[in-house]
Amino acid sequence: MVDQLPQALVLTAIVIGLASTALLVAIAMRIYEKYGTFDITKIRELKG
Amino acid sequence: MPGANIIPLFVAVALAGAFTIAIVGKKIKWLPDIVGSFITLVLFILSLLTIGMINNGPIVYSVGFWRPPIGISMVLDGLSSFMLITVNLVAFAIAVYSINYMKKFTSKWKFYTLFLLMVAGMNGVIITGDLFNFFVFLEIASVASYALVAFGTERHELEAAFKYAVMSTVGSLFILLGIVFLYSFTSTLNMADMTMILAQKGATNITLMVSVMFIMGLGLKAALVPFHAWLPDAHPSAPAPISAMLSGVLIKSLGIYALCRIFYNVIGLSPNISSILMFLGALSMVVGVFLAIGQWDLKRLLAYHSISQIGYIILGLGLGTPLGILGGLFHLFNHSLFKSLLFLNSGAIEYSMGTRDLQQMGNLASKMPVTSTTNLTASMSIAGVPPFNGFWSKLIIIVAAVEAGRFGYAFWAVLASVITLASFMKVMKYAFFGSAKKDLGKIKEVPSFMKISMISLALVCAIGGILLIPALREVFLQRATDVLLAGTKYASVIFGVIR
């Protein structure tokens, strides 16, 4: 018999991953509108 | 169990508020403000009630009446109660402040929805007794905070949010991997059950590997020094109430609370982990403060100070002695108050002057008396000037370090405190006193809700030291300290409640 719990957990983790990725893509699109590029060597106005 | 039914309310009430605002907030303009403040006030009152509920030991709530270890359980003990009060007190003050401050942004209802989602996530992290449930709440709070950092949607906000989101997601993946390894090793996710099984199996390489993953993942959430690069960008870019929320409570509930809970109560604190935590703490303390003193952007300076103060907390907790843990937790409480107050002050200056550059300010004390007085209180607290609250907690941490024979760490703690004082004298001189660089004719004091919120936080900062009076310490700080001191006995305490 298989352990059913990991299936439920993986599904949850996938949903969370989808939410994070969707947000990241949305932010990346807005970054392209502002900076006009996806080149990470040009998107570095903050110094960290 | 009497009273156990209020435990899930900490998540449910916040979620209900968030979804109410999301559904009707767009149509009814005045509703988000009222609901935001009302929900956080309810949560704060509920969190104060928890003090009375745990007089006879911790309370466990089983979600869906599935008894642990099978179902998800929610555990309310001394440490959870302490963290709930801290988080909800700060959240309430910030919700009141946002009523005026967020006027300059469009779509206030989106702000309040995300804000309450973040509060729900943090409360969930604090009360959950299940490791996977903990991860889910951690992600709810984190995803809401990425969106809030990007809330201004200008160049810098977006860049900072992207950086924060990428780094924090990597951190979350390490935490998830750690949880997966623990599950495959112990075949349970309930924290108390896992503690028992881990104790039976003894120390293995798996626990060592998992410890490293949790230090990386949770250290990133708490912004300890090798993992801190996102913080000085993300905190200044967010709107001021959110900076206050992130610096004040998010890095503590997701980072420090989770580190304590997992290392003290689940895995068990070994001397190696303890020295790693102390070293990382001292490193953050010193590196953070040296980076802070050279900054001219007010919010960036405050963000670097957050790293430094987090170092103090981790140093105190890492010592593992009763006094060290007490000092660390007390500093956690104090830091969440004065750092959120400082960020709210910087927001007030930005609201009135439209700048965060210290070199363009000057003589604001004459125009903004409330902001300048509250900022003075908070600066004194963070720099450790008696009788403000920060002095007492730093004193306890330094005494604990000396008592444990760690003279080197005690020295670095004193040094970092002196440099903190210097950098806040710089803030006071350039921002509030000294000569004005600009025409101050149009500068006005901020509106009343912002004033109320700042004054109440300043009052708590000023009288925070009374929490050390034995009668108050017993119910608030000592109980939280006892939970961590009990270590892996946590499991038998929790199972004692269930059976």
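Everything discussed here concerns the structure shown above.
Please read these numbers as outputs of a predicted model, since none were measured by experiment.

Thresholds, definitions, all that
- Residues numbered from 1 in each chain as written.
- Chains lettered and ligands numbered in written order.
- Predicted model: local features only at pLDDT ≥ 70, side-chain atom pairs only at ≥ 80, totals over all residues.
- Heavy atoms only, no water.
- Helix = DSSP H or I, 4+ residues; strand = E, 2+ residues; numbered from the N terminus.
- Contact = heavy atoms within 4.5 Å.
- Areas by Shrake-Rupley, 256 points an atom, 1.4 Å probe, with all protein chains shown as cover.
- Lys, Arg positive; Asp, Glu negative; His and termini not counted.
- Charge placed at Lys NZ, Arg CZ, Asp CG, Glu CD.
- Core = buried A, V, L, I, M, F, W, Y, C linked by side-chain atoms within 4.5 Å.
- Buried < 20%, exposed > 50% of the residue type's maximum accessible area, 1.4 Å probe, protein only.
- Axes fitted to C-alpha atoms, helices over the stretch in contact; angles between N-to-C directions.
- Parallel < 35°, antiparallel > 145°, perpendicular 65-115°, else oblique.
- Nonpolar A, V, L, I, M, F, W, Y, C, P; charged D, E, K, R; others polar.
- Buried area = accessible area lost by both parts, 1.4 Å probe.
- Salt bridge = Lys/Arg side-chain N within 4 Å of Asp/Glu carboxyl O.
- Patch = residues over 30% accessible without salt bridge, like charges linked within 9 Å, V, L, I, M, F, W, Y side chains within 5 Å.
- Polar contact = N/O pair within 3.5 Å; in protein donor to acceptor, adjacent residues only side chain to side chain.
- Phe/Tyr/Trp six-rings, centres within 6.5 Å; stacked < 30°, edge-to-face > 60°.
- Lys NZ or Arg CZ within 6 Å of the ring centre and 35° of its normal.

Caption draft 1: Layout of the overall build of chain B. Scanning chain B from terminus to terminus reveals 19 helices and two strands. For chain B, the spread of C-alpha atoms along the three principal axes comes to 70 × 60 × 45 Å. For chain B, the share of sequence-separated contacts (at least 6 apart) that also reach a separation of at least 24 residues comes to 81%. Only carbon and sulfur atoms are counted for the fraction: they give 70% of the accessible area of chain B, which is about 16800 Å². Between the averaged position of the 32 positive side-chain charges in chain B and that of its 17 negative side-chain charges there is a distance of 3 Å.

Caption draft 2: A look at the nonpolar core. All names here are of chain B. The biggest cluster of nonpolar side chains holds 188 residues, and the ones touching the most others in it are F82, F134 and F214. By residue number, the principal contributor to this core is helix α10 (residues 240-267), which donates 19 residues. Leave out the neighbours within four places in its chain, and F134 touches V125, T128, I175, I179, M191, L218, A258 and I262. Core analysis: the second largest hydrophobic core is formed by 16 residues, M278, V289, I398 and Y409 among them.

Caption draft 3: Spatial organisation of the packing of helix α1 (residues 5-35) of chain A against helix α5 (residues 131-149) of chain B. Relative orientation of the contacting elements α1(A) and α5(B) amounts to 10°, with a least axis distance of 10 Å. Overall, the two elements α1(A) and α5(B) adopt an arrangement that is roughly parallel. Here A:L9, A:T12, A:A13, A:I16, A:S20 and A:L23 of α1(A) lie close against α5(B), whose contacting residues are B:F132, B:F135, B:V136, B:E139, B:V143, B:Y146 and B:A147. For the contact of α1(A) with α5(B), the residue count by class is ten nonpolar, two polar and one charged.

Caption draft 4: Representation of the interface of chain B and chain A within the structure. In this complex, chain B contributes 29 residues to the contact, which on the side of chain A involves 22 residues. Both faces considered, chain B and chain A share a buried interface measuring about 2300 Å² in area, 70% of it formed by carbon and sulfur atoms. Counting across the chain B and chain A interface gives one salt bridge. A:E45 is the salt-bridge partner of B:R155, the closest N and O atoms lying 2.8 Å from each other. Counting residues per element, the ones that place at least two in the side of chain B that touches chain A are α5, α6 (155-186), α9 (231-237) and α12 (298-319) of chain B.

Caption draft 5: Region of interest: a positive patch on the surface. Residues and elements named next belong to chain B. Residues K26, K27, K29 and K110 make up a contiguous surface patch of positive charge. With respect to the helices and strands, the residue K26 is situated in the loop between α1 (9-24) and α2 (31-53). Owing to a relative accessible area of 54%, K26 belongs among the exposed residues under this scheme.

Caption draft 6: Inspection of the side chain of B:S346 at higher detail. By secondary structure assignment, the location of B:S346 is in helix α13 (residues 322-353). Here the side chain of B:S346 touches B:F343 through a polar contact of 2.7 Å, landing on its backbone oxygen.

Caption draft 7: View of the packing of aromatic side chains. What the rule picks out here adds up to 16 aromatic pairs over all chains. With a centroid separation of 5.8 Å and 55° between ring planes, the pair formed by B:F105 and B:F151 is classed as tilted. Of this pair, B:F105 sits in the loop between α3 (78-101) and α4 (108-127) while B:F151 sits in the loop between α5 and α6, and the two are 46 residues apart along the sequence. Residue B:F151 is classed as buried on the basis of its relative accessible area, which comes to 14%. Each ring, one from B:Y164 and one from B:W230, has its centre 4.6 Å from the other, and the planes form 20°; the classification is stacked. Taken together, the positions of B:Y164 in helix α6 and B:W230 in the loop between α8 (205-222) and α9 put the pair 66 residues apart, joining distant regions of the chain. Residue B:Y164 is classed as buried on the basis of its relative accessible area of 3%. These aromatic residues form a ring-pair network of at least three members: B:F105, B:F111, B:Y112, B:F115 and B:F151. Above the ring of A:Y35, the side-chain terminus of B:R155 is found at 4.4 Å from the ring centroid.

Caption draft 8: The side chain of B:T207, seen in detail. All names here are of chain B. For T207, the location among the structural elements is in helix α8. Engagement of the side chain of T207 in a polar contact is seen with the backbone oxygen of T204, the distance being 2.7 Å. What T207 contacts, discounting residues up to four positions off in sequence, is L198 and I267.

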